[in-house]
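Reading the structure
Spelled out, the chains give:
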Amino acid sequence: MAVNCPICGNGTLKKSDKYVCCSNHSVEKNEDGSFSENGCGFKIFFDQKKYFGRMITPGDVKTMVEGGEITSPKKHKMRLDLTSNFFTRIEFAPKAELEDL
Ligand SMILES: [Zn+2]
């Protein structure tokens, strides 16, 4: 079942092998060979290893769009945040306390 875009509301979410984006998004090739992106800019990449510690799945994106949160192996939490450039916000788990040598 299609999931509505949380940004524009009238597009539906589409996935590629690298990201989820909105059906109202289009990329056009300009006469000079460059590309311009038009329409809704909602996009979440699956590769979140750098900060979150793992790849996320299309199911994870759906969970977040529906208001849930997902968890990484190190207990970091990720939620949707439409004010962020990445459309997600990570709440980092507290660092483990250091022990005496
Ligand atoms: Zn949209």
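Residues numbered from 1 in each chain as written. Predicted model: local features only at pLDDT ≥ 70, side-chain atom pairs only at ≥ 80, totals over all residues. Heavy atoms only, no water.

**Description of the sheet that holds strand 1 (residues 13–15)**
In plain terms, the rule: When DSSP finds at least two bridges between two strands, those strands are taken to pair. Secondary structure elements are defined from DSSP: runs of H or I of at least 4 residues count as helices, runs of E of at least 2 residues count as strands, and each element is numbered from the N terminus. Think of each axis as a best-fit line through the C-alpha atoms, taken over the contacting stretch in the case of a helix, with angles from 0 to 180 degrees between the N-to-C directions.
Reading across the sheet, the three strands line up as 1-2-5 and stay open at both edges, with antiparallel pairing between neighbours. In this open sheet, the two edge strands, each paired with only one partner strand, are strand 1 and strand 5 (43–45). Each neighbouring strand pair of the sheet contributes to a mean axis angle of 20°, computed without reference to strand direction. In the sheet, strand 2 (residues 19–22) pairs with strand 5 via three bridges, with the strands oriented antiparallel. Paired with Cys-21 across the strands is Lys-43, a residue of strand 5.

**Quick look at the nonpolar core**
Generally speaking, a soluble globular protein has its nonpolar side chains buried in company with each other. The criterion, for reference: By nonpolar core we mean a set of buried residues, namely Ala, Val, Leu, Ile, Met, Phe, Trp, Tyr and Cys, connected to one another through side-chain atoms within 4.5 Å. Burial classification: accessible surface area is computed with a 1.4 Å probe over protein chains only, and a residue below 20% of its type maximum counts as buried, one above 50% as exposed, and the rest as partly exposed. The contact criterion used throughout is that any non-hydrogen atoms of two residues lie within 4.5 Å.
By size, the foremost hydrophobic cluster in this structure holds 18 residues, and its most contacted members are Leu-13, Phe-42, Ile-44, Ile-56, Val-61 and Val-65. When contributions to this core are tallied by element, the ones reaching two or more residues are strand 2, helix 2 (58–65) and strand 9 (77–80). Beyond its immediate sequence surroundings of up to four residues, Ile-44 is in contact with Tyr-19, Val-20, Ile-56, Val-61, Leu-80, Phe-86, Phe-87 and Thr-88.

**Here we look at the sheet that holds strand 10 (residues 88–91)**
The three strands lie next to each other as 8-9-10, forming an open sheet whose pairing is antiparallel. Each having just a single partner strand, strand 8 (70–71) and strand 10 make up the two edges of the open sheet. Sheet analysis places strand 9 next to strand 10, joined by four bridges and oriented antiparallel. Across the sheet, the residue bridging to Met-78 is Ile-90, located in strand 10. Contacting strand 8, strand 9 and strand 10, helix 2 runs over the sheet at an angle of about 60° to strand 9.

**Some points on the packing of aromatic side chains**
Aromatic ring pairs are described here by two measures, namely the spacing of the ring centres and the angle between the planes. Applicable threshold: Geometry of aromatic contacts follows a simple scheme: Phe, Tyr and Trp rings, the Trp one being its six-membered ring, pair when their centres are within 6.5 Å, and the pair is stacked under 30 degrees between planes, edge-to-face over 60, tilted otherwise. Comment: the charge-over-ring label is applied if NZ (Lys) or CZ (Arg) is within 6 Å of the ring centre and within 35 degrees of the ring normal.
Inspection of every chain in the model, using the stated rule, returns two aromatic pairs. The interplanar angle of 70° and the centroid separation of 5.5 Å between the aromatic rings of Tyr-19 and Phe-45 together place this pair among those described as edge-to-face. Here Tyr-19, found in strand 2, pairs with Phe-45, found in strand 5; they are 26 residues apart in sequence, far enough to count as distant. In this structure Phe-45 comes out as partly exposed when scored by relative accessible area, which is 42%. With 5.1 Å between their ring centres and 55° between their planes, Phe-42 and Phe-87 make a pair best called tilted. With Phe-42 in the loop between strand 4 (35–39) and strand 5 and Phe-87 in the loop between strand 9 and strand 10, the pair connects residues that are 45 residues apart, well separated along the chain. What makes Phe-42 buried here is its relative accessible area of 1%. By relative accessible area, which is 13% here, Phe-87 ends up buried. One Lys or Arg, Lys-43, reaches over the ring of Tyr-19 and ends 4.2 Å from the middle of that ring.

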